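# Reading the structure
Next come the chains, spelled out residue by residue.
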Amino acid sequence: MNWQAISFDWNQVRAFLATAEEGSFSGAARVLKTTQPTIGRQIGALEDALGVILVERSVRGLTLTETGRDLLHHVRAMGEAATLISMVADGKSQDVTGEVTVTGTDLLSAAVLPGVLKPLRQIAPAIRVRILASSDIQNLLQREADIAIRHVRPDQPDLIARHLGDFRANLYAATAYLDRAGRPRTPRDIADHDFVGNADPERLMTPLHNLGVPVRAESFGMSSASGVVAWELVKAGFGVSMQPEALGESEPGIEKVLPGFPSLEFPIWLVTHRELQTSRRIRIVFDLLARGLTDAAGRRSRRA
């Protein structure tokens, strides 16, 4: 630990985080129960301590500088960690009970969520989590779920959404399939292969065309609305599929179809109701998911 590098005050960081989240000094002052001048002084002191400009002030309001945007996800992680520390320290998280329903795609639910949610057993063991494998935003709107993990930002005003980072995907196939069908040498060659698609495989055609792969609708010999099923079809050797790099790079018997082929990025949004502000059990699970999924997205970006 480089103790000399930690030269700022947590209250200053908290003021910056609240300002970024609320969009103004007045909003930050309201949620932190302080005054606008105090928020301004704390952010100014943080900028002095770090030697950077975090916020630009203009007649149109506040905007984060590039440095401010770069630091924001680290500051959010600090805020979530501070929340969990407080909960554990005062023992109150042990007393929080009830059920929280989390919804995400079936592939993410199966491959990522178990590891992300594991610390909950120590933090708040009385919270019960129900995982609903679905991609339908209606789960939240109809109150079938409390928290959703999505790849697009919802535009409904009653929902709160936070962008956690981006996962990467590439074209993968079973080694046995490529041994049989041949390994492509160019993006154009990939189009001659069999493909495994999702519920709407034709949506993948445009980005692949843009990357020089003129795949056709009839190339998708197998498809499934279930990401888990599609992944099993790939492992069984039915063809080429766009899959998360986190799976493709770690699964024995699976290989990238064309080394050096550009990856596609898909965003991870964590979404909940505005009830998050008042429900302690939802807040605990939301913060845990935010930190775990941010870390997961960061690790996968660094591997690339």
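Anyway, here's the lowdown on the structure attached to this text. Because the structure is predicted, anything quoted here is derived from the model rather than measured.

## What about the packing of aromatic side chains?
For the structure shown, the criterion picks out two aromatic pairs. Plain terms: the ring middles of Phe195 and Phe220 are 5.4 Å apart, the flat faces sit at 50° to each other, and that makes the pair tilted. One end of the pair, Phe195, is in strand 7 (residues 195-197); the other, Phe220, is in strand 8 (residues 220-223), with 25 residues separating them in the sequence. The exposure class assigned to Phe195 is buried, which follows from its relative accessible area of 1%. Overall, the relative accessible area of 10% leaves Phe220 in the buried class.

## Quick word on the side chain of Thr103
Along the chain, Thr103 turns up in strand 3 (residues 98-104). Within the local environment of Thr103, its side chain forms a polar contact with the backbone oxygen of Ser134, the two atoms lying 3.3 Å apart.

## So, the packing of helix 2 (residues 25-32) against helix 3 (residues 36-50)
In the contact formed by helix 2 and helix 3, the axes pass within 8 Å of each other and the chain directions differ by 105°. The orientation of helix 2 with respect to helix 3, classified from their angle, is roughly perpendicular. Here Phe25, Ser26, Ala28, Ala29 and Leu32 of helix 2 lie close against helix 3, whose contacting residues are Gln36, Ile39, Gly40 and Ile43. Split by residue class, the contact of helix 2 with helix 3 holds six nonpolar, three polar and no charged.

## Some words on the packing of helix 1 (residues 10-22) against helix 3
The N-to-C vectors of helix 1 and helix 3 enclose an angle of 115°; their axes lie 8 Å apart at closest approach. Considering the angle they form, helix 1 stands roughly perpendicular to helix 3. The hand of the helix 1/helix 3 crossing is left-handed. Only Ile39, Gln42, Ile43, Ala45 and Leu46 of helix 3 make contact with helix 1, whose side of the interface consists of Asn11, Gln12, Val13, Ala15, Phe16 and Thr19. Residues that form the contact of helix 1 with helix 3 fall into these classes: seven nonpolar, four polar and no charged.

## Re the environment of Ile39
Checked against the element boundaries, Ile39 lands in helix 3. With relative accessibility at 0%, the residue Ile39 sits in the buried group. Along the chain, Ile39 and Ala15 lie 24 residues apart, while their C-alpha atoms are 5.7 Å from each other. Residues contacting Ile39, with those up to four places away along its chain left out, are Ala15, Thr19, Phe25, Ala28, Ala29, Leu32 and Thr34.

## So, the pairing of strand 8
Alignment of strand 7 against strand 8, held across three bridges, turns out to be parallel. By the bridge assignment for strand 8, Phe195 is matched with Phe220. With respect to chirality, the unit in which strand 7 leads through helix 11 (residues 205-210) into the neighbouring parallel strand 8 is right-handed.

## Quick look at the pattern of salt bridges
What the rule picks out here adds up to 14 salt bridges. Its salt-bridge partner being Glu21, residue Arg162 comes within 4.0 Å of it at the nearest N-O pair. Highlighted residues: Arg162 in strand 6 (residues 159-174) and Glu21 in helix 1, separated in sequence by 141 residues. For Glu21, a relative accessible area of 35% gives the class partly exposed.

## Let's talk about unusual backbone geometry
A positive phi angle, close to 55°, is found at Lys33, a residue other than glycine. On the basis of relative accessibility, which here comes to 76%, the residue Lys33 falls in the exposed class.

Basis of the calculations
Residues numbered from 1 in each chain as written. Predicted model: local features only at pLDDT ≥ 70, side-chain atom pairs only at ≥ 80, totals over all residues. Heavy atoms only, no water. Phe/Tyr/Trp six-rings, centres within 6.5 Å; stacked < 30°, edge-to-face > 60°. Helix = DSSP H or I, 4+ residues; strand = E, 2+ residues; numbered from the N terminus. Buried < 20%, exposed > 50% of the residue type's maximum accessible area, 1.4 Å probe, protein only. Polar contact = N/O pair within 3.5 Å; in protein donor to acceptor, adjacent residues only side chain to side chain. Axes fitted to C-alpha atoms, helices over the stretch in contact; angles between N-to-C directions. Parallel < 35°, antiparallel > 145°, perpendicular 65-115°, else oblique. Contact = heavy atoms within 4.5 Å. Nonpolar A, V, L, I, M, F, W, Y, C, P; charged D, E, K, R; others polar. Left-handed = near helix turned anticlockwise from the far one by under 90°. Pairing = 2+ DSSP bridges. Right-handed = clockwise from strand over helix to strand, strands pointing away. Salt bridge = Lys/Arg side-chain N within 4 Å of Asp/Glu carboxyl O.

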